[in-house]
Amino acid sequence: MPDVRFDTYYRYEDLTRILQGYAEAYPHLVRLESIGKSHEGRDIWLVTATHFATGEDRHKPALWVDGNIHASEIAPSSACLYLINRLVTAYGSDPDVTRCLDTRAFYVCPRVNPDGAELALADKPRIIRSSTRPYPYEEDPLGGLVMEDVDGDGRILMMRIPDPNGPWKACPDEPRLLARRDPAETGGQYYRLLPEGRIEDYDGVLVRMRPDKEGLDLNRNFPVHWRQEHEQEGAGPYPTSEPEVRALAHFIAHHANITGGV
């Protein structure tokens, strides 16, 4: 098994290596497969965890678990890895885990959106909503605040900007933190809070966020409650138009043994 840590976020190649390691180390409990390709062509990995000697996964009630459908929501990938690790390392010693894998199956997709996550974890990170596919327009938006790693530390944080009309003030107990200013409070040092980045075409008054060129929200692309763009932004041109969502929907629709999901 490769060394797996749960206090770090893994980029795509490392995540792939770890999942392959589980499949190689625990072939009686883990099967790894790609259920589709992302917009940029990365495999969407799925782990099937069950004790195969007691029956195929399709013949057992199953739980679906996925994470990281939004680009910068990397923590669920770690949670999925932790679940897989717990299942395979506790089998045979923990009676509950053993019973679960003997009689149930787990379908775990740690990273639904590998393209967006790779962008968020890049050496020069960029935070978008979901998919990296331009939508609904191909043109680059103009003006506004562009989120960017200005100081080159590999992180996009928040900037506190001195502003006499700002809604924030330094916390009296810990000045590195900000606290809300009382609506009637005056006479102090106040700030507005903005994402780290550059402001283009600033008019001296209004700071607006530049919309992302990549406006898709993969969570809104599923068939249930789907609405057109003018009713629900980022939903895509039609349900399951995006390959990541289509891969999930196809797998789930063809596995009637799935009884719940997280």
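Residues numbered from 1 in each chain as written. Predicted model: local features only at pLDDT ≥ 70, side-chain atom pairs only at ≥ 80, totals over all residues. Heavy atoms only, no water.

A. Up close: the overall build of the protein. In terms of helices and strands, the protein carries 5 helices and 11 strands. Seen through its principal axes, the protein has C-alpha atoms that stretch 70 × 45 × 35 Å. Of all 262 residues assigned to the protein, the portion counted as buried reaches 44%. Across the protein, the fraction of contacts at a sequence separation of at least 24, relative to all contacts at a separation of at least 6, is 66%. (Helix = DSSP H or I, 4+ residues; strand = E, 2+ residues; numbered from the N terminus. Buried < 20%, exposed > 50% of the residue type's maximum accessible area, 1.4 Å probe, protein only. Contact = heavy atoms within 4.5 Å.)

B. Region of the structure containing the pattern of salt bridges. This model, assessed by the stated rule, comprises 23 salt bridges. Salt-bridge contacts for Arg31 lead to Asp57; the nearest nitrogen and oxygen are separated by 2.7 Å. Of the two residues, Arg31 sits in strand E1 (residues 30-37) while Asp57 sits in the loop between strand E2 (43-49) and strand E3 (62-66), which places them 26 residues apart along the sequence. A residue is classified by how much of its surface remains accessible, and Arg31, at 32% relative accessible area, is partly exposed. On the basis of relative accessible area, Asp57 is assigned to the buried category, the value being 2%. For the salt bridge of Arg86 with Asp94, the shortest nitrogen-to-oxygen distance reads 2.8 Å. What you see here is one network of salt bridges that share partners, running through Glu148, Arg198, Glu200 and Arg210. (Salt bridge = Lys/Arg side-chain N within 4 Å of Asp/Glu carboxyl O.)

C. Structural context of the pairing of E2. Counting buried positions along E2 gives 7 out of 7 residues, so the element sits mostly inside the fold. With burial as the criterion, each face of E2 is covered, one bearing Asp43, Trp45, Val47 and Ala49 and the other bearing Ile44, Leu46 and Thr48. With 6 bridges joining them, E1 and E2 adopt antiparallel strand pairing. Within the sheet, the bridge partner assigned to Lys37 lies in E2 and is Asp43. Counting the residues in the hairpin turn of E1 and E2 gives 5 residues, including Gly41, whose phi is positive at 95°. Pairing analysis gives 3 bridges linking E2 to strand E4 (residues 105-109), with the strands arranged antiparallel. Counterpart to Thr48 in the pairing with E4 is Tyr107. (Pairing = 2+ DSSP bridges.)

D. Representation of the sheet that holds E4. Spatially, 5 strands are ordered E1-E2-E4-E3-E11 in an open sheet, and the strand pairing comes out mixed. In the strand order of this sheet, the two ends are held by E1 and strand E11 (258-261), each with one partner. Averaged over all pairs of adjacent strands, the angle between strand axes in this sheet comes to 25°, irrespective of strand direction. On top of the sheet, helix H5 (residues 243-253) reaches E1, E2, E3, E4 and E11; it is set at about 130° to E1, its chief contact. (Axes fitted to C-alpha atoms, helices over the stretch in contact; angles between N-to-C directions.)

E. Seen up close, the side chain of Asp43. Looking at the secondary structure, you find Asp43 in strand E2. Residue Asp43 is classed as buried on the basis of its relative accessible area of 18%. Reaching out from Asp43, the side chain makes a polar contact with the side chain of Lys37 at a distance of 3.0 Å. Setting aside anything within four residues of it in sequence, one finds Asp43 in contact with Tyr12, Ser34, Gly36, Lys37 and Pro114. (Polar contact = N/O pair within 3.5 Å; in protein donor to acceptor, adjacent residues only side chain to side chain.)

F. A look at the side chain of Asn113. Mapped onto the secondary structure, Asn113 falls in the loop between E4 and helix H4 (114-120). Judged by relative accessible area, Asn113 falls into the buried class, the value being 0%. A polar side-chain atom of Asn113 sits 3.3 Å from the main-chain carbonyl oxygen of Ile69. When near neighbours in sequence (up to four residues on either side) are disregarded, Asn113 contacts Asn68, Ile69, His70, Ala71, Ser130, Ser131 and Leu218.

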